[in-house]
Amino acid sequence: MMDLLGYGAFFLTTALIFSLVTLGLNLQWGLTGLFNVGLAGFVAIGAYTSALLTTPDDAARLGGFGLPILVGWLGAMVVGGIAAALTGMATLRLRSDYLAITTFGVAVVVQLVALNAQKLTGGPFGIGFIPRPFGGLAETPLLFNLSNLAVVSAVTLIAYLALEHLSRSPWGRVLKALREDERAAISLGKSARFYRIQAFAVGGAIMALAGALQAHFTGFIAPDNYLPILTFQVWVMLIVGGSGSNLGAVIGSILVWGIWAGSGTLTSVLFAPEQQARAASLQIVAIGVMLCVILLIRPNGLFGDRLRRPRLGKRAKVATAKSSYGS
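Not measured: the values here are computed from a predicted model.

Draft legend 1. Molecular detail of the overall build of the protein chain. Within the protein chain, the regular secondary structure consists of 14 helices and zero strands. Reading the protein chain from its N terminus to its C terminus gives the helix and strand order α-α-α-α-α-α-α-α-α-α-α-α-α-α. The principal-axis extent of the C-alpha atoms belonging to the protein chain is close to 90 × 55 × 35 Å. A total of 327 residues make up the protein chain; the buried ones form 46% of that total. When contacts within the protein chain are restricted to residue pairs at least 6 apart in sequence, those whose partners lie at least 24 apart make up 76%. Taken as a whole, the protein chain presents about 17,200 Å² of accessible surface, with 69% of it coming from carbon and sulfur. Each charge class in the protein chain was averaged separately, 23 positive and 12 negative side chains, and the resulting centres sit 19 Å apart.

Below you can see the structure in the form of structure tokens.
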């Protein structure tokens, strides 16, 4: 029972870290309409920034300043936000698929730098000995996982409430106006490029914070953690939860991660060890089937905006009959 509870806390912690990334993507795409498929790059930037700031000194690479974990998280947000703003300045004149291709290229560049800049990132060997919150409780997995869950839950709740406030503020209404009708917003004196860069920077900072949390939760990072499959997972989480809904971003992340982890456990039980490498592709199949089913039932996602359909009730029938007699 205790092991099951500890695993549940571990699962929710991982799912909430994904929720942070999805919240950042929801700000960029769901609220502003910016098609970012390079989010894995910003997650990696946050993870490596926080790791370099907080790890102990290492003669094999730069960094290792041994700063507190909170400083690492704040540094990750600053660097991630700046990187996203610079990316936005260079790419946000593009639209739809062109923007997607460019942001994907940025993520590939970040991953290749992490893989080859061994003096900075540790190269393919990654960075270890990253300080973990409540590391002294590591010998008691249940307490360690529950403590980390409390921290990640608090950070996710703060981000969620802040984004909810921003989406209802005049700033958020401008972003929605730019998404729905850019020309109308510009005619009212709003700078489309300026607001889009702001949204891209804030979203990138949230993604970088999620990367920093993941780095300190696991204690080790490597370039293989930030492959394009991460982008696929987060986009599915947002689509399932409902684009434009912060609550949908959180619930969709938990649901999709549950299916991903559950399908992985199921394949490890059903298939022999020598076949599990091939069977791992069934995780993507499971996510794809789930995505198709949800989109057939709920085209806008679980918490997306519902299309309002007229009710054919008693009054509607009477009104229809009166109009037909009148004609």
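Draft legend 2. Up close: the nonpolar core. Residues Leu 20, Leu 39, Ile 221, Tyr 226 and Leu 230 are the most contacted members of the largest nonpolar core, which totals 80 residues. When residues in this core are grouped by element, the largest group, 14 residues, is from helix α9 (residues 192–218). Among residues more than four places away in sequence, those in contact with Leu 39 are Val 21, Leu 25, Met 207, Leu 230, Thr 231, Val 234 and Trp 235.

Draft legend 3. Representation of the packing of helix α6 (residues 141–168) against helix α11 (residues 246–270) in the model. Closest axis-to-axis distance for the α6/α11 pair is 10 Å, and the angle between their directions is 150°. Residues Tyr 160, Leu 163, Glu 164 and Ser 167 of α6 pack against Asn 246, Leu 247 and Val 250 of α11. Among the residues making up the contact of α6 with α11, the classes are represented as four nonpolar, two polar and one charged.

Draft legend 4. Looking closely at the packing of helix α1 (residues 2–31) against α6. Relative to each other, α1 and α6 sit at 20°, their axes nearing to 9 Å. As summarised for this structure, α1 and α6 are arranged roughly parallel, according to the angle between their axes. Handedness of the α1/α6 crossing: left-handed. By residue class, the composition of the contact of α1 with α6 is 19 nonpolar, eight polar and no charged.

Here is what the cut-offs are and how they apply
Here the residue numbers are simple positions, counted from 1 along each chain's written sequence. Reporting of local features is limited, given that this is a predicted model, to residues whose pLDDT is at least 70; pairs of side-chain atoms are given and counted only at 80 or more, and all residues count toward the totals for whole chains, interfaces and linings. Excluded from the side-chain calculation are hydrogens and water; included are all heavy atoms of the structure. Counting from the N terminus, the helices are DSSP H or I runs at least four residues long and the strands are E runs at least two residues long. Three exposure classes are used, based on accessible area relative to the maximum for each residue type with a 1.4 Å probe and protein chains only: buried under 20%, partly exposed in between, and exposed over 50%. Whether two residues are in contact is decided by their heavy atoms, any of which lying within 4.5 Å being enough. Computed with a 1.4 Å probe, the accessible areas rest on the Shrake-Rupley method; for each residue, only the protein chains presented here act as cover. In summary, the charge assignment counts Lys and Arg as positive and Asp and Glu as negative, without counting His or the chain termini. Here the site of a charge means NZ on Lys, CZ on Arg, CG on Asp, or CD on Glu. As used here, the term nonpolar core means buried Ala, Val, Leu, Ile, Met, Phe, Trp, Tyr and Cys residues forming a set that is joined through side-chain atoms within 4.5 Å. Each axis is a line fitted through C-alpha atoms, taken for helices only over the stretch in contact, and angles between the N-to-C directions span 0 to 180 degrees. When residue character is reported, Ala, Val, Leu, Ile, Met, Phe, Trp, Tyr, Cys and Pro are called nonpolar, Asp, Glu, Lys and Arg charged, and the others, Gly included, polar. Our angle categories are set so that under 35 degrees counts as roughly parallel, over 145 as roughly antiparallel, 65 to 115 as roughly perpendicular, and the remainder as oblique. In this scheme the crossing of two helices becomes right-handed for a clockwise turn of the near helix relative to the far one and left-handed for an anticlockwise turn of less than a right angle.

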